[in-house]
Amino acid sequence: MNNFEFKNPTKIIFGKDTIEKVKEEIPQDAKVLLLYGGGSIKKNGIYDQVKTALANVDVVEFGGIPANPEYATLMEALQVIKDQNITYLLAVGGGSVIDGTKFLSAAAVYDGDTPWDILTKSIRTEKGMPFGTVLTLPATGSEMNSGAVITRAETKEKLAMGGPGLFPEFSILDPQVITSIPQRQLANGLMDSFTHVLEQYMTYPIGALLQDRFAESILQTLVEVAPTVLKDPTDYQAASNFMWSCTMALNGLIQKGVPGDWAVHMMGHELTALFGIDHARTLAVIAPSHYKYNFEAKKEKLAQYAERIWNITEGSTEDKAYAAIEKTEAFFHQLGIDTKLSDYTKDYEGTAEEIAKRFKARGWKLGERQALMPEDAEKIVKMAY
Ligand code: NZQ
Ligand code: ZN
């Protein structure tokens with residue numbers, strides 16, 4: 001196992017009817033900016049629950065943060081923060097609203113001229129404006145980590161940012177919120193969290209027995225609850241296990257002491273930037289090709305995953321590893337998610353070259369050994385057409 005340090009300061013408030021507890025977490029003298037997305041919270045009652053809880057707090061609102069939070073929209077929110085002397089941010093939404101809020105937390109205290117530099121120059125935020133979240137969509141894990149991904153339509157870029165100052169102070173996780181989530185987004189949440197675990201697990205063995213089993217238990221739980229979550233989102237047992245799995249998949253715990261990959265995400269982000277494909281679906285497009293292309297480097301962990309998640313016990317290491325990739329792709333199909341780029345766009349020619357060009361310009365070497373060069377990414381993306 002590798003050496004590690006672990007600190008996660010986010011307070012989790014989990015369970016039925018917990019949204020009203022938001023009033024206990026926000027300082028009474030705060031001037032709050034309540035941030036939300038396209039309006040789903042107004043239809044499903046979450047907005048009313050939050051507003052009722054904050055009846056005695058000074059709250060300004062900013063709605064309209066789109067999926068794949070857009071820089072231009074966030075710059076409008078930043079102006080509101082400055083004009084209204086906001087002191088506390090409250091994200092009510094999924095990964096997009098939470099990530100947008102993290103950007104604002106960083107940008108509010110940033111003293112450079114162009115906040116976009118936070119993304120292009122990888123400026124880490126040591127201390128941002130304090131914020132909390134009410135999670136409405138289990139998927140990204142953003143509610144308990146310090147990373148964010150921001151999109152800029154003008155330049156077709158989607159870039160990551162982070163820093164120890166960007167953990168939410170608290171996050172409220174009421175699994176009942178999933179009852180109003182459309183099928184497409186439920187499937188996305190299952191897909192995204194599953195891939196988060198794979199990115200931190202499907203590398204090479206490093207003798208981190210407990211970390212492997214943490215990761216495997218999340219994968220097993222997601223496979224077990226997926227059919228019920230999709231069929232009946234009012235099933236509280238499935239909903240609560242789904243929600244907690246998504247948070248645990250990317251709150252930092254399972255990546256401690258082990259190598260991490262994240263190349264599937266880096267290639268996937270480009271597909272969202274170029275074509276607007278849902279984040280989770282880009283992962284389904286890239287992952288099978290990524291594991292086939294990097295088969296030799298990953299076959300031991302693939303075979304372990306084959307045995308422990310899919311009960312594939314017959315054959316050589318290679319046989320099991322290959323069967324596991326097929327099983328994984330079949331699972332994505334079971335979620336109703338297509339796994340080829342051509343399923344999403346007819347305009348895919350040239351995509352692999354464009355992505356390789358971008359990675360080269362950024363000097364990126366990806367994968368758990370930083371051995372995946374732009375030329376490799378180009379081949380992987382081509383395999384995914
Ligand atoms: O905008 P509204 O109207 O709220 O509707 C949203 C949106 O259209 C809807 N929704 C959310 N909760 C709902 C609901 N509809 C009905 N009932 C509810 N309770 O769902 C749609 C998608 O929401 P979004 O927040 O975009 O989804 P998700 O949570 O999947 O977030 C995706 C974003 O997170 C980034 C992705 O790149 C993408 O930009 N990621 C963030 C990560 C992180 N911070 O750690 C890691 C991930 O790998 C990922 O990159
Ligand atoms: Zn993801």
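Each residue is numbered by its place in its chain's sequence as written, counting from 1. Chains carry letters and ligands carry numbers; both start at the beginning, A for chains and 1 for ligands, and go up in the order they are written. For this predicted model, a pLDDT threshold of at least 70 governs which residues receive local features, and a threshold of 80 or more governs which side-chain atom pairs are given and counted, while totals over whole chains, interfaces and linings are taken from all residues. Only hydrogens and water are set aside when side-chain values are computed; all heavy atoms of the structure are taken into account.

## Comments concerning the pattern of salt bridges
Part 1 of the reasoning: Should a side-chain nitrogen of Lys or Arg be within 4 Å of a carboxyl oxygen of Asp or Glu, the pair is scored as a salt bridge. Under the definition given, this model contains 19 salt bridges.
Part 2 of the reasoning: Residue E270 pairs with R362 through a salt bridge whose shortest N-O separation is 2.8 Å. Here the residue E270 occupies a position in helix 10 (residues 263-275), and R362 occupies one in helix 14 (residues 351-362), the gap between them amounting to 92 residues.
Part 3 of the reasoning: Each member of the salt-bridge network shares a partner with another, and the members are E270, E354, K357, R358 and R362. Secondary structure elements follow DSSP: runs of H or I no shorter than four residues count as helices, runs of E no shorter than two count as strands, and numbering proceeds from the N terminus.

## Let's talk about the packing of helix 7 (residues 183-201) against helix 12 (residues 295-310)
Part 1 of the reasoning: Interhelical geometry of helix 7 versus helix 12 gives an angle of 140° and a closest axis separation of 11 Å. Relative to helix 12, helix 7 is oriented oblique. The element helix 7 and its partner helix 12 pack so that their crossing is right-handed. When helix 7 is examined against helix 12, the residues F194, L198 and Y201 are found in contact with a partner set consisting of K301, Q304, Y305 and W310. Simply put, an axis is a line fit to the C-alpha atoms, just over the touching stretch for a helix, and the angle between two N-to-C directions goes from 0 to 180 degrees. In what follows, roughly perpendicular refers to angles from 65 to 115 degrees, roughly parallel to angles under 35, roughly antiparallel to angles over 145, and oblique to any angle outside these ranges. Left-handed describes a crossing whose near helix is turned anticlockwise from the far helix through less than a right angle; right-handed describes the clockwise counterpart. Throughout, a contact is declared for two residues whenever any of their heavy atoms are within 4.5 Å.

## Here we look at the sheet that holds strand 5 (residues 131-135)
Part 1 of the reasoning: Ordered in space as 1-8-5-4-2-3, the 6 strands form an open sheet in which the pairing is parallel. Both outer strands of the open sheet, strand 1 (11-14) and strand 3 (58-62), are each paired with one neighbouring strand and no more. Adjacent strand axes in the sheet meet at a mean angle of 20°, parallel and antiparallel pairs treated alike.
Part 2 of the reasoning: One bridge is not enough; two strands pair if DSSP finds at least two bridges between them. Strand direction decides the pairing type here: strand 2 (residues 31-36) and strand 3, joined by 5 bridges, are parallel. Looking at the pairing, L35 lines up with F62 of strand 3.
Part 3 of the reasoning: In the packing of helix 3 (residues 46-53) onto the sheet, contacts are made with strand 2, strand 3, strand 4 (88-93) and strand 5, and the angle to strand 4 comes to roughly 155°.

## Considering the domain arrangement of the protein chain
Part 1 of the reasoning: The start and end points of each domain follow an automatic or database-based domain assignment. Under the domain assignment, the protein chain is made up of domain 1 (11-176) and domain 2 (182-383).
Part 2 of the reasoning: Spacing between the C-alpha centres of domain 1 and domain 2 amounts to 26 Å.
Part 3 of the reasoning: Contact residues are listed per partner, giving 24 residues for domain 1 and 21 residues for domain 2.
Part 4 of the reasoning: Accessible area that two parts lose when put together, with a 1.4 Å probe and added across both, is what the buried area reports. For the domain 1 and domain 2 pair, buried surface summed over both sides reaches about 2000 Å², with 67% attributable to carbon and sulfur atoms.
Part 5 of the reasoning: Taken together, the links from domain 1 to domain 2 amount to 0 salt bridges.
Part 6 of the reasoning: By the criterion applied in these results, polar contacts are pairs of N or O atoms within 3.5 Å in which, for protein atoms, one can donate a hydrogen and the other can accept it, and in which residues neighboring in sequence qualify only through two side-chain atoms. At the junction of domain 1 with domain 2, the criterion picks out 4 residue pairs in polar contact (both at pLDDT 80 or more).

## As for the environment of Q200
Part 1 of the reasoning: Considering the arrangement of structural elements, one finds Q200 in helix 7.
Part 2 of the reasoning: Between the C-alpha atom of Q200 and that of W262, which follows or precedes it by 62 residues, the distance is 7.4 Å.
Part 3 of the reasoning: Apart from the residues within four sequence positions on either side, Q200 is in contact with A249, L250, I254, Q255, V258, P259 and W262.
Part 4 of the reasoning: Here the side chain of Q200 touches A249 through a polar contact of 2.9 Å, landing on its backbone oxygen.

## Let's talk about helix 10
Part 1 of the reasoning: With 13 residues, helix 10 extends 18 Å between its outermost C-alpha atoms, agreeing within 8% with the 18 Å of an ideal straight helix rising 1.5 Å per residue.
Part 2 of the reasoning: Partly exposed residues are those whose accessible area sits between 20% and 50% of the maximum for their type, while under 20% is buried and over 50% is exposed, using a 1.4 Å probe and protein chains only. Every buried residue of helix 10 is listed here: A263, V264, H265, M267, G268, H269, E270, L271, T272, A273 and L274.
Part 3 of the reasoning: The inward-facing, buried residues of helix 10 abut strand 6 (147-152), strand 7 (157-162), helix 7, helix 11 (279-293), helix 14 and helix 15 (374-383).
Part 4 of the reasoning: Of the residues trailing helix 10, G276 is marked for its positive phi of about 75°. Under the convention used throughout, the expected extent of a helix is 1.5 Å for every residue step, that is, one less than its residue count.

## A word on the site of ligand 1
Part 1 of the reasoning: Any residue with a heavy atom lying within 4 Å of a molecule or strand is counted as near it. Around ligand 1 there are 33 residues in total, and G38, S40, G95, S96 and D99 lie nearest to it.
Part 2 of the reasoning: A distance of 2.9 Å separates an oxygen atom of ligand 1 from a polar side-chain atom of N145.
Part 3 of the reasoning: Between ligand 1 and G147 there is a distance of 3.0 Å, counted from a nitrogen atom to a backbone nitrogen or oxygen.
Part 4 of the reasoning: Computed on the free molecule, ligand 1 has an accessible area of 960 Å², of which 88% lies beneath the protein chains in the complex.
Part 5 of the reasoning: For the shell around ligand 1, the elements supplying multiple residues, two or more each, are helix 5 (95-107), strand 6, helix 7 and helix 10. Per-residue accessibility takes into account occlusion by the displayed protein chains alone, with areas from the Shrake-Rupley method and a 1.4 Å probe.

## Remarks on the environment of E143
Part 1 of the reasoning: If you trace the backbone, E143 turns up in the loop between strand 5 and strand 6.
Part 2 of the reasoning: Placed 120 residues apart in sequence, E143 and K23 show a C-alpha to C-alpha distance of 18 Å.
Part 3 of the reasoning: The contacts of E143, once residues within four sequence positions are left out, are T10, I98, T133, L135, P168, S171, L173, C246 and T247.
Part 4 of the reasoning: Among the polar contacts listed, one links the side chain of E143 to the side chain of T247, at a separation of 2.6 Å.

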